[in-house]
Amino acid sequence: MNALQTTKSVVRMFKAAAGGAHGNTRGFHGSLTACSLQKILSAVDPFGKLFVDIGFGTGVVLAAALAAGASKAHGYELPGNEANRYIFQAAMKMWSKQHFYNIDLSRKAVLEFNDVEEVLLDKC
């Protein structure tokens, strides 16, 4: 399976897990399509690296980065968006049921629901 096919698979899983929660938009999250997401991942080349996403939403970009070889993915989201955790968990269950993938992405992803400004102040 090539990189674009893998990214498309991840996006499909997140769309299914969201159950239409994102409405009728052209791409997932408005303008993010599998193709545009794959272009981003090709540009940043997450292979073997820690991937950070501030404002991760449902985590589709985190999962795609992990599928592209990131060693770990860390996402920050506002506390009011905790429902996204359930979409991420549902997508990870779907992922684990796919026989052609042997990577447990959920163990490589860290999700934090905090105000990003508070997180940054705590870490400095």
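Residues numbered from 1 in each chain as written. Predicted model: local features only at pLDDT ≥ 70, side-chain atom pairs only at ≥ 80, totals over all residues. Heavy atoms only, no water.

Some details on the overall build of the protein chain
Phase 1: Broken down by element type, the protein chain carries 5 helices and 3 strands.
Phase 2: Reading the helices (α) and strands (β) of the protein chain from amino to carboxyl end gives α-α-β-α-β-α-β-α.
Phase 3: Within the protein chain, contacts between residues at least 6 apart in sequence are counted, and of these 61% link residues at least 24 apart.
Phase 4: Within the structure as shown, the protein chain displays about 7200 Å² of accessible surface, and the carbon and sulfur contribution to it stands at 53%. (Helix = DSSP H or I, 4+ residues; strand = E, 2+ residues; numbered from the N terminus. Contact = heavy atoms within 4.5 Å. Areas by Shrake-Rupley, 256 points an atom, 1.4 Å probe, with all protein chains shown as cover.)

Examining helix α2 (residues 34-44)
Phase 1: Residues of α2 that are buried include every one of Ala34, Leu37, Gln38 and Leu41, and no others. Burial along α2 is one-sided: seen end-on, the buried residues are contained in an arc of 100°. For α2, the exposed residues lying more than 90 degrees away from the buried face are Lys39 and Ala43.
Phase 2: Elements that come into contact with the buried residues of α2 comprise α1 (3-18), β1 (50-54) and α3 (60-67).
Phase 3: Positioned one or two residues after α2, Asp45 has a phi angle of 45°, which is positive. (Buried < 20%, exposed > 50% of the residue type's maximum accessible area, 1.4 Å probe, protein only. Arc of directions from axis to C-beta.)

Regarding the packing of α1 against α2
Phase 1: In contact at an axis separation of 9 Å, α1 and α2 are set at 125° when each is read in the N-to-C sense. As far as their axial angle goes, α2 and α1 are oblique. As for the relative orientation of α1 and α2, their crossing is right-handed in sense. Only Ala34, Cys35, Leu37, Gln38 and Leu41 of α2 make contact with α1, whose side of the interface consists of Ala3, Leu4, Thr7, Lys8 and Val11.
Phase 2: Per-class residue counts for the contact of α1 with α2 are 7 nonpolar, 2 polar and 1 charged. (Axes fitted to C-alpha atoms, helices over the stretch in contact; angles between N-to-C directions. Parallel < 35°, antiparallel > 145°, perpendicular 65-115°, else oblique. Left-handed = near helix turned anticlockwise from the far one by under 90°. Nonpolar A, V, L, I, M, F, W, Y, C, P; charged D, E, K, R; others polar.)

Here we look at the sheet that holds strand β3 (residues 109-113)
Phase 1: Taken together, 3 strands build an open sheet; the order of strands is β1-β2-β3 and the sheet is parallel. This sheet does not close on itself; its edge strands, each paired only once, are β1 and β3. The mean inter-strand angle of the sheet, taken between neighbouring strand axes irrespective of direction, is 15°.
Phase 2: Note: strand β2 (residues 72-77) against β3, 5 bridges, orientation parallel. What sits directly across from His74, in β3, is Val110. (Pairing = 2+ DSSP bridges.)

A few points about the nonpolar core
Phase 1: With 29 residues, the main nonpolar core has Val10, Phe14, Leu37, Phe51 and Val60 as its most contacted residues.
Phase 2: Breaking this core down by element, the ones donating at least two residues are α1, α2, α3, α4 (83-97) and β3.
Phase 3: Ranked by residue count, the leading element in this core is α3, at 7 residues. (Core = buried A, V, L, I, M, F, W, Y, C linked by side-chain atoms within 4.5 Å.)

Points about α3
Phase 1: Of all 8 residues in α3, 7 are buried; the element is thus mostly enclosed.
Phase 2: By the burial criterion, the buried members of α3 are Val60, Val61, Leu62, Ala63, Ala64, Ala65 and Leu66.
Phase 3: In the core, the buried residues of α3 are packed alongside α1, α2, β1, β2, α4 and β3.
Phase 4: Gly69 sits one or two positions beyond α3 and adopts a positive phi of about 110°.

Don't take any of this as a statement about function, it's just geometry.
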